[in-house]
2 protein chains.
Amino acid sequence: MTAETPANTSGVPSREGQPRRRGRSGGRAGNARRVATGVIEQMPWRLPENTDRPTEPLDEGGVQAIHAGAMRILEEVGIEFLNDEALALFRDAGCTVSGTNVRMGRDWVMEMVGKAPSSFTLTPRNPDRTLTVGGRTILFGNVSSPPNYWDAETGKVPGTRSQCRDLLKLTQYFNCIHFAGGYPVEPVDIHASVRHLDVLHDKLMLTDKVVHAYSLGPERVEDVVEMVKIAGGLSEEAFQATPRMYTNINSTSPLKHDIPMIDGCLRLIRRGQAVFVTPFTLAGAMAPVTMAGAVAQSIAEALSAIALFQWVRPGCPCVIGTFTSNVDMKSGAPAFGTPEYMRATQMTGQMARFYGLPMRASGSCAANVPDGQATWETSNALWSAVQSGTNIVYHAAGWLEGGLIASPAKFVMDCEIIQQIQRYFEPGIVATGPEDVAVEAVAAVGPNGHFFGTPHTQERYTTAFYQPFLSDLRNYEAWDLAGGTWTAARAHEIWKKIVNEFEPPAMDVAIAEQLSDFVARRKSEGGAPTDF
Amino acid sequence: MTAETPANTSGVPSREGQPRRRGRSGGRAGNARRVATGVIEQMPWRLPENTDRPTEPLDEGGVQAIHAGAMRILEEVGIEFLNDEALALFRDAGCTVSGTNVRMGRDWVMEMVGKAPSSFTLTPRNPDRTLTVGGRTILFGNVSSPPNYWDAETGKVPGTRSQCRDLLKLTQYFNCIHFAGGYPVEPVDIHASVRHLDVLHDKLMLTDKVVHAYSLGPERVEDVVEMVKIAGGLSEEAFQATPRMYTNINSTSPLKHDIPMIDGCLRLIRRGQAVFVTPFTLAGAMAPVTMAGAVAQSIAEALSAIALFQWVRPGCPCVIGTFTSNVDMKSGAPAFGTPEYMRATQMTGQMARFYGLPMRASGSCAANVPDGQATWETSNALWSAVQSGTNIVYHAAGWLEGGLIASPAKFVMDCEIIQQIQRYFEPGIVATGPEDVAVEAVAAVGPNGHFFGTPHTQERYTTAFYQPFLSDLRNYEAWDLAGGTWTAARAHEIWKKIVNEFEPPAMDVAIAEQLSDFVARRKSEGGAPTDF
């Protein structure tokens, strides 16, 4: 008897197979041997290796067609660079510059792109958190940049520094989150001139993971560089010797790179740091309504900048990003985690491998609250990152409303999915050695026993299966008795506990003082201009 | 400016890219050209073709190791067949029968399995709903057999005929649901002796899709056969000429097939109908704690029955099913949609292709209510069906609490995911012809325009993107003003509307009378025994 055959119609033999839901001694014994640390029992820090062959919707002709389209855009249409320094550099490189329009030949582009490394490292202030970007590694980062915040108590409200700090604590707490991307929520209660100073200060004190600088003007970039150097105790030489941080830029699609984004990238690559170039090509709005067209435009926009950076600093670490999705046909609103989004991500993965570049994608959704829709959209987005062979997953935890809301409960829910993805990659699950195929265990149990108490089970029980921290696997009655709490409400309780019990990572007192002094000094100098 | 860069820090150029969320004329015009039919606008009926290369965690050695393990189980351990007729047949075939234990040589098993077709059709009373089972086709069915029902108004309650009818209406209504599997909820308010008569009557009146018989005693199977013949207006000869229905059996794991399940299969294959054999091998409980072991045992249990059926009726249509998951280490409860479940499904897919058999998997979850957990578990299960090359997805819509609850709101939510999967397969999304790569459209719009109003967009707008019926893509404020309804609550409203406005498919009056007469007669005869 299984859950599949109807109840109340059959006798004893069919009942046997119906699994009981509580009180198996094997389960209890197994659990007792596990050690819970902190609020939840989570998976250890790791750099997961994606073991799956990518899903490749394009055949070789399709890859060539998108490549040819991207090259024609670069050669015939050109990309606008609003940044004068970039225009001069393109001129030096022999590209055709007309006003702000730059056209570049495919041979030059491919030569430049060929100089980019297929893999590189990013080393934060805690070298144990060093990341490898490229190859089969897939890394997950926190939500970045929503102007608003939502939790079950506040509803949707503008972001604050306090919320930003809470989300940074979650970023640090979860081992499945590898880097602290942009501001997890925009703290609009801090003046824009000094916001980068306060948030980077919080970020460097509350986390020891890789951080980034927004390319929003030279002062902000330089300030973050200085703070990263201080936090890492690095000389300029040590800082430049290997990537310690990165910036992520978006083109202003269609076909445009703005002044501060290119400026920030140039500053960073010249000092040995990494850049991610991520066009935001929403099919039907800022890009063609066809996914191949949106991807081709995205590729062209990204490669134009990456080619420039390789011209300036051959071999500098660059990541090609994708943020290609579609609009909702009813409202014109951006949609995320859609079938078209998944395919665009997979196609971009094929193109990234064609160009030999590490790739960035996202965990994203359009839903306004952490409900079923939020979950299927985010799940689709995260799995398409896996399927595409993505190396860096931005916004992997905490994003709602198309990136306009950051949510700590959603952050916790997404980490449950991300942990499952990381567990999914463990080769042990699909091992097929004699002890895995386990004919002897089957023979020993025979047709009338069960496997709970067998040595083969007992020896493997504690690590055989993924242990969720948020999924509630009790039966309905036990779950109901315990309050009948739905997932989002459980996640709400968990994030509050994590934040309340949070202990920041260790930091040398002298370095902490240096950081504070730097922030105080730069604030007294007025911070960064807000009129760029 | 995109959702990724921080708000309130930048000026005009960065703002451009921020998508507006409402009032695009393209969106409105596009939508106006779409015709809503019924409660929601849904995708048309289709037999989706899975265009993805399967995800294959096993290398050739891994496939051979699981195969060898399954063969050793069949040769050295044997499978219990409690059915005397089956034992006699195995004896005739030269297998080693000791009491109820049957051991069979791999050569014979492989010879028999080799006779099974890799693809076949199932033709219901409406031939427009004929299914192809096998090849690249992937079909989705309703939840089957939960003894309980849950909706937001009732909470968890024992199933009734009225609820069963509601779920059958959803089964018929949704074009993405291809077959009416088992009872979508067990109507425990009908006596078990006549339950099959009432539910099959309801099923044949309310749906025109493929139906099945539970193998729970000869009378029930024969009654369903008669009713399927009546509903289809079929002679016995026409019935036997091509599969019109099927049964799905579960082995009583470990290593056992019970009396009525084998009896039902033998009855049906002898009359040309299809059988699905789906062991329920919960790793760590009814199967080894290792996934390869659980899969090997599942394969052995399934092949033992399929070999028997091929011996009796060479070439009869058989499907190999998988229901391999793991237990929760905390409670011993079954878990579904886990990383281990996904991998087991993918591994079984490799084995099904190795044996040349169509495959069945499931959409399943452990969650008790249609929340985030339910969604990620179901989403994982459904996508693993896609990744494994599954042909038939049981329980694809409406399942909760490990199959102990059927839920109409969950049904609607799952159909949203299934529609997205079906859309995902459409080759148009990844087409790369010149009009798809769309360099001319990119050139025409240039760096300062947008694509909403262009001819390239307008010509494709109505069909360019998947149109969800349940996802709410409005911004937070518009969603909030409209009630701020979460996904499960929206799904609740939708299922009630569908059920209230439901119109059953056409049926000939004379056939309807024959069906009613048959049910009345069989009831007057006492129905089926309940003491088998």
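In what follows, the accompanying structure is described. Computed from a predicted structure; not experimentally measured. (Residues numbered from 1 in each chain as written. Chains lettered and ligands numbered in written order. Predicted model: local features only at pLDDT ≥ 70, side-chain atom pairs only at ≥ 80, totals over all residues. Heavy atoms only, no water.)

**Quick word on the overall build of chain A**
1) Next: In terms of helices and strands, chain A carries 21 helices and 19 strands.
2) Next: The C-alpha atoms of chain A give a radius of gyration of 25 Å, which matches the 24 Å a tight globule of 532 residues would have.
3) Next: Across its three principal directions, the C-alpha atoms of chain A cover 85 × 60 × 45 Å.
4) Next: Buried residues in chain A amount to 69% of all 532 residues.
5) Next: Here the contacts in chain A between residues at least 6 apart in sequence split such that 75% fall between residues at least 24 apart.
6) Next: Looking at chain A, you have 47 positive and 57 negative side-chain charges, and the mean spots of the two groups are 3 Å apart. (Helix = DSSP H or I, 4+ residues; strand = E, 2+ residues; numbered from the N terminus. Rg over C-alpha atoms; globule rule 2.2 N^0.38 Å. Buried < 20%, exposed > 50% of the residue type's maximum accessible area, 1.4 Å probe, protein only. Contact = heavy atoms within 4.5 Å. Lys, Arg positive; Asp, Glu negative; His and termini not counted. Charge placed at Lys NZ, Arg CZ, Asp CG, Glu CD.)

**Topic: the interface of chain B and chain A**
1) Next: The partner chain A presents 170 residues to the 171 residues of chain B that form the contact.
2) Next: Both sides together, the interface formed by chain B and chain A hides about 13,900 Å², and carbon and sulfur atoms give 62% of it.
3) Next: Summed over the shared surface of chain B and chain A, the number is eight salt bridges.
4) Next: Here R72 of chain B ties to E440 of chain A by a salt bridge, and the two come within 2.9 Å at their closest N and O atoms.
5) Next: Remark: the boundary between chain B and chain A carries 48 residue pairs in polar contact (both at pLDDT 80 or more).
6) Next: Examining the composition of the side of chain B that touches chain A, we find that nine residues originate from one element, helix α13 (residues 372–387) of chain B, more than from any other. (Buried area = accessible area lost by both parts, 1.4 Å probe. Salt bridge = Lys/Arg side-chain N within 4 Å of Asp/Glu carboxyl O. Polar contact = N/O pair within 3.5 Å; in protein donor to acceptor, adjacent residues only side chain to side chain.)

**Structural notes on unusual backbone geometry**
1) Next: Going from S253 of chain A to P254 of chain A, the amide bond is cis rather than trans, its omega being 0°.
2) Next: Checked against the element boundaries, P254 of chain A lands in the loop between β9 (246–249) and β10 (256–257).
3) Next: A positive phi angle is found at A438 of chain B, which is not glycine, with a value near 60°.
4) Next: Among the structural elements, A438 of chain B can be located in the loop between α15 (434–437) and α16 (439–445).

**With respect to the relation of the copies chain B and chain A**
1) Next: Relative to chain A, chain B is turned by 180° and slid 0.0 Å along the rotation axis, the superposed coordinates differing by an RMSD of 0.0 Å. The transformation relating the two chain copies, once decomposed into turn and shift, fits a two-fold axis. Minimal C-alpha separation from the rotation axis in chain B is found for G372 of chain B, amounting to 2.5 Å.
2) Next: Take the interface residues of chain B: 99% of them recur as interface residues in chain A, which is what a same-surface contact looks like. (Least-squares fit on C-alpha atoms with pLDDT ≥ 70 in both.)

**So, the sheet that holds strand β14 (residues 325–327) of chain A**
Residues and elements named next belong to chain A.
1) Next: Ordered in space as β12-β14-β15, the three strands form an open sheet in which the pairing is mixed. Both outer strands of the open sheet, β12 (282–283) and β15 (334–335), are each paired with one neighbouring strand and no more.
2) Next: Bridge analysis of β12 against β14 gives two bridges, and the strand direction is parallel. Looking across to β14, one finds that L282 is bridged to S325. (Pairing = 2+ DSSP bridges.)

**Here we look at the packing of aromatic side chains**
1) Next: By the definition in use, this model includes 47 aromatic pairs over all chains.
2) Next: Aromatic rings pair up to connect F280, F323, F336, Y341 and W399 of chain A into one cluster.
3) Next: In this arrangement the basic side chain of R343 of chain A is found over the ring face of Y424 of chain B, its NZ or CZ atom lying 3.6 Å from the centre. (Phe/Tyr/Trp six-rings, centres within 6.5 Å; stacked < 30°, edge-to-face > 60°. Lys NZ or Arg CZ within 6 Å of the ring centre and 35° of its normal.)

**Structural notes on the nonpolar core**
1) Next: Core analysis: the largest hydrophobic core is formed by 168 residues, its most contacted members being F81, F90, F174, L303 and F309 of chain A.
2) Next: Ranked by residue count, the leading element in this core is helix α11 (residues 291–312) of chain A, at 14 residues.
3) Next: Excluding anything up to four places from it in sequence, L303 of chain A contacts M71, L74, V109, V113, I320, Y355 and L357 of chain A.
4) Next: Core analysis: the second largest hydrophobic core is formed by 167 residues, L58, M329, Y341 and A385 of chain B among them. (Core = buried A, V, L, I, M, F, W, Y, C linked by side-chain atoms within 4.5 Å.)

**What about the pairing of strand β7 (residues 148–151) of chain A?**
Residues and elements named next belong to chain A.
1) Next: Side-chain alternation along β7 places N148 and W150 on one buried face and Y149 and D151 on a second face that is also buried.
2) Next: Sheet analysis places β7 next to strand β8 (residues 155–158), joined by four bridges and oriented antiparallel. Paired with W150 across the two strands is K156, which belongs to β8.
3) Next: Hairpin remark: β7 followed by β8, antiparallel, with three residues in the connecting loop.

**Quick look at helix α4 (residues 84–92) of chain A**
All names here are of chain A.
1) Next: A86, L87, L89 and F90 are the residues of α4 that are buried. The arc that holds the buried residues of α4, viewed along the axis, is 165°, so those residues lie on one side. The exposed residues of α4 that point more than 90 degrees off its buried face are D84 and D92.
2) Next: Here α4 starts with a cap whose side-chain oxygen sits 3.0 Å from the backbone nitrogen of E85, and that cap is N83.
3) Next: One or two steps after α4, the chain reaches G94, where phi turns positive at roughly 90°. (Arc of directions from axis to C-beta.)

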